Amino acid sequence: MDNHYVPNLTIGPMVCKAIRPCTDAPIDVHLMCEPVDDLIPQFAQAGANIISFHPEASRHVDRSLSLIRDNGCKAGLVLNPATPLSVLDHVMDRLDLILLMSVNPGFGGQSFIPSTLDKLRATRQRIDAWQEKTGNTILLEVDGGVKTDNIAQIHEAGADTFVAGSAIFGQQDYAAVIAGMREQIAGVHRS
Ligand SMILES: O=C(CO)[C@@H](O)[C@H](O)COP(=O)(O)O
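Keep in mind that what you see is a predicted model, and the values were worked out from it rather than measured.

Notes on the site of the ligand
The environment of the ligand is made up of 14 residues, and the closest members are Gly106, Gly109, Asp143, Gly165 and Ser166. Within the backbone of Phe107, an N or O atom sits 3.2 Å from an oxygen atom of the ligand. In this structure, Ser166 approaches the ligand through a side-chain N or O atom, which is 2.6 Å from an oxygen atom. In isolation the ligand offers 370 Å² of accessible surface; the protein chains occlude 90% of this area. A breakdown of the residues in the shell around the ligand according to their chemical character gives six nonpolar, seven polar and one charged.

Below is the structure:
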């Protein structure tokens, strides 16, 4: 977040670099900022594994997506609640991840926007059709208002990757919340 594209200011490449030696877990960097091209190599060099950005924040979406892969990372696009799925039309081959925002970006602690469920279903269909055609898969991530009591429904609608902030960090026992979320996800059997 850059206090420009969204009204908040948070983690930059230096923090990513400091986190990298602490974990082997993939670092998934969501650029909630504008512009993005200068930051892409900086985050890649700082140890990011996945980098995603908002199409509205790049003048040349195809070029920014290529830049991410050229820097050795997986590439993703982030769609705000009002951003149509048509932005995906000509870049499916450049994508490793699609992230649907289920709140308007900028703040933690907001409520999940229910229409995201239909958008997830439509995105899931696109990804499945793409996988059928090319053999390549794309992660479908959701961010905003994800809680233990709605994560099953979100997974059922098609998400396979989840961002949860206040649901976890608002509790004492982070591991217990994550275990509860995993249990909810495991109980869903999608067709
Ligand atoms: O950065 C954003 C929104 O701008 C999200 O990543 C939220 O911070 C997720 O937080 P919760 O909605 O889970 O509290």
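Don't stop here, the text continues.
A few points about the UniProt feature "binding site: substrate" (unreviewed entry) in the protein chain
UniProt records the feature "binding site: substrate" (unreviewed entry) at His30, Gly106, Phe107, Gly108, Gly109, Asp143, Gly144, Gly145, Gly165 and Ser166, using the numbering of this structure. By secondary structure assignment, the location of Gly108 is in the loop between β4 (97-101) and α4 (116-134). What makes Gly108 exposed here is its relative accessible area of 68%. Within the secondary structure, Gly109 sits in the loop between β4 and α4.

So, the pairing of strand β3 (residues 74-79)
Burial analysis of β3 places five of its six residues in the buried class, the great majority of the element. With four bridges connecting them, strand β2 (residues 50-53) and β3 associate as parallel partners. Counted as the bridge partner of Ile51 is Ala75 from β3. The parallel pair β2 and β3 is bridged by helix α3 (residues 61-70), and the resulting crossover is right-handed. By the bridge criterion, four bridges tie β3 to β4 in an arrangement that is parallel. Its bridge partner being in β4, Gly76 is matched across the sheet by Leu97.

Some points on the side chain of Ser66
Following the sequence through the fold, Ser66 ends up in helix α3. Reaching out from Ser66, the side chain makes a polar contact with the side chain of Arg94 at a distance of 3.3 Å.

Examining the sheet that holds strand β5 (residues 139-143)
Across the sheet, which stays open at both edges, the six strands sit in the order β1-β2-β3-β4-β5-β6 with parallel pairing between neighbours. Strand pairing shows two members of the sheet lacking a second neighbour, β1 (28-31) and β6 (161-163), which therefore form its edges. For this sheet, the mean inter-axis angle between neighbouring strands, taken without regard to orientation, is 25°. The sheet contact formed by β5 and β6 spans three bridges and is parallel. Its bridge partner lying in β6, Val142 is registered against Phe162.

A word on unusual backbone geometry
Cis geometry marks the peptide bond from Glu34 to Pro35, where omega comes out at -5°. Mapped onto the elements of the fold, Pro35 is located in the loop between β1 and α2 (39-45). Even without being glycine, Asn3 reaches a positive phi, approximately 60°. Take Asn3: it is sitting in the segment before α1 (13-19).

About the thresholds
Residues numbered from 1 in each chain as written. Predicted model: local features only at pLDDT ≥ 70, side-chain atom pairs only at ≥ 80, totals over all residues. Heavy atoms only, no water. Near = heavy atom within 4 Å. Polar contact = N/O pair within 3.5 Å; in protein donor to acceptor, adjacent residues only side chain to side chain. Areas by Shrake-Rupley, 256 points an atom, 1.4 Å probe, with all protein chains shown as cover. Nonpolar A, V, L, I, M, F, W, Y, C, P; charged D, E, K, R; others polar. UniProt positions renumbered as here; feature names shortened; annotations may be inferred. Helix = DSSP H or I, 4+ residues; strand = E, 2+ residues; numbered from the N terminus. Buried < 20%, exposed > 50% of the residue type's maximum accessible area, 1.4 Å probe, protein only. Pairing = 2+ DSSP bridges. Right-handed = clockwise from strand over helix to strand, strands pointing away. Axes fitted to C-alpha atoms, helices over the stretch in contact; angles between N-to-C directions.

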